[in-house]
Amino acid sequence: MLKTHNCGELRLSNVNEEVTLAGWVNRRRDQGGLVFIDLRDRWGITQATINAQTAPEAHAAASSVGREYVIQVKGIVRARPEGMVNPDLDTGEIELEVTAIKVLNAAKTTPFEVTGDAKVDEALRLKYRYLDIRRQRMQRNIVLRGRVTKFIRDYLYERGFIEIETPILFKTTPEGARDYLVPSRVHPGKFYALPQSPQQLKQLLMVAGYERYFQIARCFRDEDQRGDRQPEFTQLDLEMSFVEREDVMTLIEGLMTALVEQVSDRELVTKPFARITHKEALEKYGTDKPDLRYGLEMVDISDIAGKSGFQVFLDNVAAGKWVRAIRISGCGNYSRKQLTDLEDLARTAGAKGLAWMALEPGENGQVRSPIAKFFTVEQLAALMDRMGAVPGDLVLISSDTPAIVAATLDTIRREFGERLGLADPKKIAFCWVTDFPLFEWNADEQRWDPSHHLFTSPMVEDIPLLDSNPGSVRGQQYDLACNGYEVAGGSIRIHDRSLQEKIFGLIGLDMEDARERFGHMLEAFEYGTPPHGGIAPGIDRLTMLLAGEPNIREVIAFPKSQNAADLMAGAPSEADAKQLEELHIITTVEASAE
Ligand code: ASP
């Protein structure tokens, strides 16, 4: 080794030892006869002191090194003089009195500072990702991620699971996104699909009798990018045989609890995890991934609004639409401008507007609102009572179709969670969401789409409804939400060929197509398939929450940009003509079009 110790390791107990350290120059301070170098490696920082009198050669060398140079220093560990101790550094009680320095590699001036945590343009960070993730905060995140996956592996091995790899070059495994295709050279005109998840393969492992499988699996989905999406991402993919919903949920709840408590410094605020049905989640929070670090629940006021003189409410209630409201504590003094801004925010969620009522501060608070005049005094009092409003509160009201009201008040709720400091990143609030409808109606295509995926089993008692009323069938699905994100989704699967074929039919797959794409699954179900179920928590999102980061790119060593490009290596890139020819591919894009 080119070092005897690391830069975070030396203490007073090492005083007078001769050691060799190697790392990056974090900072250099030149005080004439004395040069101080903060030497950094993965484990920490050690101050190296170079004295012109006692080590003239080393001093000369030290004078010419710059930030991020890679150097090796040899020296004696000394206690720092009194008053020079640095309590912010683990190694702050000692310093290294340097006898020799060797420059292992010089460094150009970096495009942004590696020391500290200055805000840097993201495109630049991604182009020089190796410098970006050299920074301390990013190193902490990447190290945390490794600890998360190791913890998961240990936890699951202790409970009889085994890790099995499944192929990346495979066949379409739909999870609701587009596939990434890989052309085959040896089978002209044919393509592999990269799995959107190992869903089929893990089920086939259950058919094969492995009973408890997991994998830290890469998944590939070609979908439009959003803040918390990447074209490839990592899941803890897991499947168990002979289980019911509760078994999978109990296992995962135990794992997540231990993960938060033992691997992170976050506080778990829902213990045991909250549980809510899909219907309840939409009614209370307007979303199937509610943030339960705070309340701000939606309240149904349609009975009161439906008796007011306000025509919009009257029409909407008569048409079976929703009138729901959220009470925001202490914001009753909002200005016209602030309220207009909120209305603009509501519009981004599809709302036509946002009504408001402010209960003026003071004992006999008056209701200030452009629509107050449409309500009687009693109605206003009933409404404020329903909302639990006290003087100084603001009530925000949305009325439209359930979907629009839900989206609007979800947006408003998240906004105030942030604005009022209720969405505390130190807190972790898990919530199970169950009883999802098995299907969602796809109005564009005029067919039912699976709300989870093709292989989710209906609730046994709802199976008779598959023919008569598919929209009312609930799936044996469970999602895990955390701090407003979906962090896992899973279900008990269909393990019966005829039921699986029936579901294929209901979602409009013709039988020939279904057999071409999933014939191997249907066939497998005829060779002794155990009842089974599983789940797949997203490692990126989970680590992001445990690290308190705002997006998953902060916890991925080499992520893609918002438009799915690798800015460092320049991927995707053009293939040369010979490669395309071997792959039997002709592109319709001019080579220079980019
Ligand atoms: N394959 C599913 C997904 O990726 C998870 C599961 O059902 O286990 O969401």
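Check the entry above for the structure.
Here's what I pulled together on the structure shown here. These figures come from a predicted structure and were not determined experimentally. (Residues numbered from 1 in each chain as written. Predicted model: local features only at pLDDT ≥ 70, side-chain atom pairs only at ≥ 80, totals over all residues. Heavy atoms only, no water.)

## Focus on the overall build of the protein
Right, on to step 1. Across its full length, the protein carries 17 helices and 24 strands.
Right, on to step 2. Taken along the three principal axes of its C-alpha coordinates, the protein extends 90 × 75 × 55 Å.
Right, on to step 3. Expressed as a percentage of the 594 residues in the protein, the buried residues total 49%.
Right, on to step 4. The contacts in the protein between residues at least 6 apart in sequence include a share of 68% that link residues at least 24 apart.
Right, on to step 5. Within the structure as shown, the protein displays about 28,700 Å² of accessible surface, and the carbon and sulfur contribution to it stands at 51%.
Right, on to step 6. Separation between the mean location of the 71 positive side-chain charges and that of the 89 negative ones in the protein comes to 3 Å. (Helix = DSSP H or I, 4+ residues; strand = E, 2+ residues; numbered from the N terminus. Buried < 20%, exposed > 50% of the residue type's maximum accessible area, 1.4 Å probe, protein only. Contact = heavy atoms within 4.5 Å. Areas by Shrake-Rupley, 256 points an atom, 1.4 Å probe, with all protein chains shown as cover. Lys, Arg positive; Asp, Glu negative; His and termini not counted. Charge placed at Lys NZ, Arg CZ, Asp CG, Glu CD.)

## Side note on the packing of helix H5 (residues 199–207) against helix H15 (residues 511–524)
Right, on to step 1. One way to put it is that H5 packs onto H15 with a least axis distance of 10 Å and a crossing angle of 20°. Regarding the angle of H5 to H15, the classification is roughly parallel. By crossing handedness, the relation of H5 to H15 is classed as left-handed. On H15, the residues touching Gln-200, Gln-203, Leu-204 and Val-207 of H5 are Phe-518, His-520, Met-521 and Ala-524. (Axes fitted to C-alpha atoms, helices over the stretch in contact; angles between N-to-C directions. Parallel < 35°, antiparallel > 145°, perpendicular 65-115°, else oblique. Left-handed = near helix turned anticlockwise from the far one by under 90°.)

## Describing the packing of aromatic side chains
Right, on to step 1. Taken as a whole, this structure holds 14 aromatic pairs when the rule is applied.
Right, on to step 2. Their ring planes at 85° and their centres at 5.7 Å tell us that Tyr-157 and Phe-214 sit as a pair that is edge-to-face. Here the residue Tyr-157 occupies a position in helix H4 (residues 136–157), and Phe-214 occupies one in strand S9 (residues 212–220), the gap between them amounting to 57 residues.
Right, on to step 3. For Tyr-157, a relative accessible area of 43% translates into the label partly exposed.
Right, on to step 4. Measuring from ring centre to ring centre gives 6.1 Å for Phe-439 and Trp-448, while their planes differ by 45°; the resulting arrangement is tilted.
Right, on to step 5. Taken together, the ring pairs connect Phe-273, Phe-430, Trp-432 and Tyr-478 into an aromatic cluster.
Right, on to step 6. Looking at Arg-159, its charged tip hangs above the ring of Tyr-155, at a distance of 3.5 Å from the centre. (Phe/Tyr/Trp six-rings, centres within 6.5 Å; stacked < 30°, edge-to-face > 60°. Lys NZ or Arg CZ within 6 Å of the ring centre and 35° of its normal.)

## A few points about empty space enclosed by the protein
Right, on to step 1. In this structure the tally under the stated criterion is 1 cavity of 30 Å³ or more.
Right, on to step 2. Taken as a whole, the largest cavity spans an internal volume of roughly 30 Å³.
Right, on to step 3. Around the largest cavity sit Leu-126, Arg-129, Phe-558, Pro-559, Asp-566, Leu-567 and Met-568, which together line it.
Right, on to step 4. Partitioned by chemical class, the residues of the lining of the largest cavity number 5 nonpolar, no polar and 2 charged. (1 Å grid on protein atoms, 1.4 Å probe; cavity = no way out; pocket = protein on both sides within 12 Å on 5 of 7 lines; lining within 4 Å. Points joined across faces, edges and corners; volume = space filled by probe spheres on them. Nonpolar A, V, L, I, M, F, W, Y, C, P; charged D, E, K, R; others polar.)

## So, the packing of helix H14 (residues 497–506) against H15
Right, on to step 1. The interhelical angle for the contact between H14 and H15, taken along N-to-C directions, is 150°, at an axis separation of 11 Å. Between H14 and H15, the angle is such that the two are roughly antiparallel. The crossing of H14 and H15 is right-handed. Here H14 contributes Arg-497, Gln-500, Glu-501, Phe-504 and Gly-505 to the contact with H15, which in turn contributes Met-511, Ala-514, Arg-515, Phe-518, Leu-522 and Glu-523.
Right, on to step 2. For the contact of H14 with H15, the per-class residue count stands at 5 nonpolar, 2 polar and 4 charged.

## Things to note about the site of the ligand
Right, on to step 1. The environment of the ligand is formed by 14 residues, the closest being Glu-175, Gln-199, Lys-202, His-453 and Arg-493.
Right, on to step 2. Measuring from an oxygen atom of the ligand, one finds a side-chain N or O atom of Lys-202 at 2.7 Å.
Right, on to step 3. One of the side-chain N or O atoms of His-452 is found 2.9 Å from an oxygen atom in the ligand.
Right, on to step 4. Look at the ligand: alone it shows 270 Å² of surface, and the protein chains cover 95% of it.
Right, on to step 5. Those elements that place two or more of their residues in the shell around the ligand are H5, strand S23 (485–492) and strand S24 (532–537).
Right, on to step 6. Classifying every residue of the shell around the ligand gives 2 nonpolar, 8 polar and 4 charged. (Near = heavy atom within 4 Å. Polar contact = N/O pair within 3.5 Å; in protein donor to acceptor, adjacent residues only side chain to side chain.)

## A short note on the nonpolar core
General note: in soluble globular proteins, nonpolar side chains tend to be found buried as a group.
Right, on to step 1. Core analysis: the biggest nonpolar cluster contains 44 residues, and Ile-252 and Phe-430 have the highest contact counts within it.
Right, on to step 2. Among the secondary structure elements, those contributing two or more residues to this core are H4, S9, strand S10 (232–241), helix H6 (245–263), strand S19 (430–434), strand S22 (477–482), S23 and helix H16 (539–547).
Right, on to step 3. Looking at which element gives the most residues to this core, the answer is H6, with 10 residues.
Right, on to step 4. Beyond its immediate stretch of four places on either side in the chain, Ile-252 contacts Leu-238, Trp-432, Leu-480, Ile-535 and Pro-537.
Right, on to step 5. Judged by nonpolar contacts, the second largest core, of 23 residues, contains Leu-296, Ile-326, Ala-358 and Leu-409. (Core = buried A, V, L, I, M, F, W, Y, C linked by side-chain atoms within 4.5 Å.)

## Observations concerning the pairing of strand S20 (residues 439–442)
Right, on to step 1. Where S20 meets strand S21 (residues 447–450), 4 bridges bridge the pair, whose relative direction is antiparallel. Among the inter-strand pairings, Glu-440 is bridged to a residue of S21, identified as Asp-449.
Right, on to step 2. Counting the residues between successive antiparallel strands, the hairpin from S20 to S21 contains 4 residues, one of them, Gln-446, with a positive phi of roughly 55°. (Pairing = 2+ DSSP bridges.)

## Topic: the layout of surface pockets
Right, on to step 1. Taken as a whole, the second largest pocket holds about 1,200 Å³ of empty space.
Right, on to step 2. Taken together, 33 residues line the second largest pocket, and the ones lying closest to its centre are Ala-571, Pro-572, Ser-573, Glu-574 and Ala-575.
Right, on to step 3. Looking at which element gives the most residues to the lining of the second largest pocket, the answer is strand S7 (residues 181–183), with 3 residues.

## Some words on the sheet that holds S19
Right, on to step 1. As summarised here, the arrangement of the 8 strands in space is S6-S9-S10-S24-S23-S22-S19-S12, forming an open sheet in which the pairing is mixed. Among the strands making up the open sheet, the edge pair consists of strand S6 (162–163) and strand S12 (274–277).
Right, on to step 2. As defined by bridge partners, S9 adjoins S10 across 9 bridges and the pair is classed as antiparallel. The residue of S10 that forms the bridge with Ala-217 is Gln-235.
Right, on to step 3. Of the strands in this sheet, S9, S10 and S24 touch H5, which is tilted by about 20° from S10.

Geometry only, nothing functional implied.
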